[in-house]
Amino acid sequence: QSGAELMVADGIMDDVDVIIGAHVDNSIDVGCIAVKKGVAMATSTALTVEFFGKTGHAAMPHTSIDALAMAVKTYNDIQMIISRELDPFELRVINVGSLTAGETNNVVPDYAQMKLSIRTFSEKVENYICSRIEDIVKNRAREVKGEYKITLTKRLPAVNNDIKISDELLNSARKIVGEENIIIFDKPKISSEDFSFYSNKKPGCFFRYGSR
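Conventions adopted
- Residues numbered from 1 in each chain as written.
- Predicted model: local features only at pLDDT ≥ 70, side-chain atom pairs only at ≥ 80, totals over all residues.
- Heavy atoms only, no water.
- Pairing = 2+ DSSP bridges.
- Helix = DSSP H or I, 4+ residues; strand = E, 2+ residues; numbered from the N terminus.
- Axes fitted to C-alpha atoms, helices over the stretch in contact; angles between N-to-C directions.
- Contact = heavy atoms within 4.5 Å.
- Expected span 1.5 Å × (residues − 1).
- Buried < 20%, exposed > 50% of the residue type's maximum accessible area, 1.4 Å probe, protein only.
- Arc of directions from axis to C-beta.
- Core = buried A, V, L, I, M, F, W, Y, C linked by side-chain atoms within 4.5 Å.
- Polar contact = N/O pair within 3.5 Å; in protein donor to acceptor, adjacent residues only side chain to side chain.

(A) Local environment of the sheet that holds strand β4 (residues 43-52). Taken in spatial order, the 4 strands make up an open sheet running β6-β8-β4-β9, and their pairing is antiparallel. At either end of the open sheet lies a strand with only one pairing partner, and these are β6 (92-101) and β9 (147-156). Sheet twist, expressed as the mean angle between neighbouring strand axes with direction ignored, is 15 degrees. Bridge analysis of β4 against strand β8 (residues 111-120) gives 10 bridges, and the strand direction is antiparallel. Following the sheet pairing, L47 is matched in β8 by L116. On top of the sheet, helix α3 (residues 123-142) reaches β4, β6, β8 and β9; it is set at about 160 degrees to β9, its chief contact.

If you want it as structure tokens, here you go:
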């Protein structure tokens, strides 16, 4: 669980008026200060999907329920969400970073696990993706009489920089680093940060400090 989320739940933001955060950034030079006003970073949702089947010998596949096959079909169907179900102008990422199953060559695996990361800037799109993944997983398990479990392991909201606070931060930064070292990003980053739990409570700005 996010440390920032736990701290907010413990009341750390109750007596705070404004919050500023900094992140080093190797895409910009040392001495530069960069800000993206408004939505600056994506949501991050992490899911773990588990499939449960029935083991069997490879020579008798009809006696087993293949958990790996459920996972592979799920992986392929998830790609269709990206390419055919979502507006291409909606920025989004669905990454399957891990797929594990089985231990040897002549045994049908009875367990498979997938770990996914979802990034977007829209709560509506995020909810749609999560709902569709659950539909797909359920159907892939049901068609072979297997079982499944989906666990939400992390969810970070999008970072939204307050416009007024961003402008005040930039005005202060100009006095220190000079106008020539001020960068205003026109596009948000698809990366994520749990600073969003703070700035969802009080106005804030999460800026970038050049480290290249």
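There's more to say after this.
(B) How the structure looks around α3. Between its first and last C-alpha, α3 extends 28 Å over 20 residues, near the 28 Å set by a 1.5 Å rise per residue. When α3 is considered as a whole, its buried residues turn out to be V125, E126, I129, I133, I136, V137, R140 and A141. Seen from one end, α3 has its buried residues packed into an arc of 130 degrees, which puts them on one side. Exposed positions of α3 whose direction lies more than 90 degrees from the buried face are E123, K124 and R142. Check the buried side of α3 and you find it contacts β4, α2 (67-85), β6, β8 and β9.

(C) View of the nonpolar core. By size, the foremost hydrophobic cluster in this structure holds 22 residues, and its most contacted members are F51, I81, I94, M114, L116, I129 and I133. Sorting the residues of this core by element identifies β4, α2, β6, β8 and α3 as the ones contributing at least two each. Per element, the largest residue contribution to this core is 6 residues, and it comes from α3. Residues within four places of L116 in sequence aside, it is in contact with T45, A46, L47, V49, I78, I94, N95, V96 and I133. Membership of the second largest hydrophobic core comes to 12 residues, among which are V8, V159, F195 and F206.

(D) Layout of the side chain of S166. Its place among the elements puts S166 in helix α4 (residues 163-177). The buried category is assigned to S166, whose relative accessible area is 0%. Only 2.7 Å separates the side chain of S166 from the backbone oxygen of D162, close enough to count as a polar contact. Setting aside residues no more than four positions away along its own chain, S166 makes contact with V35, K37, N161 and C205.

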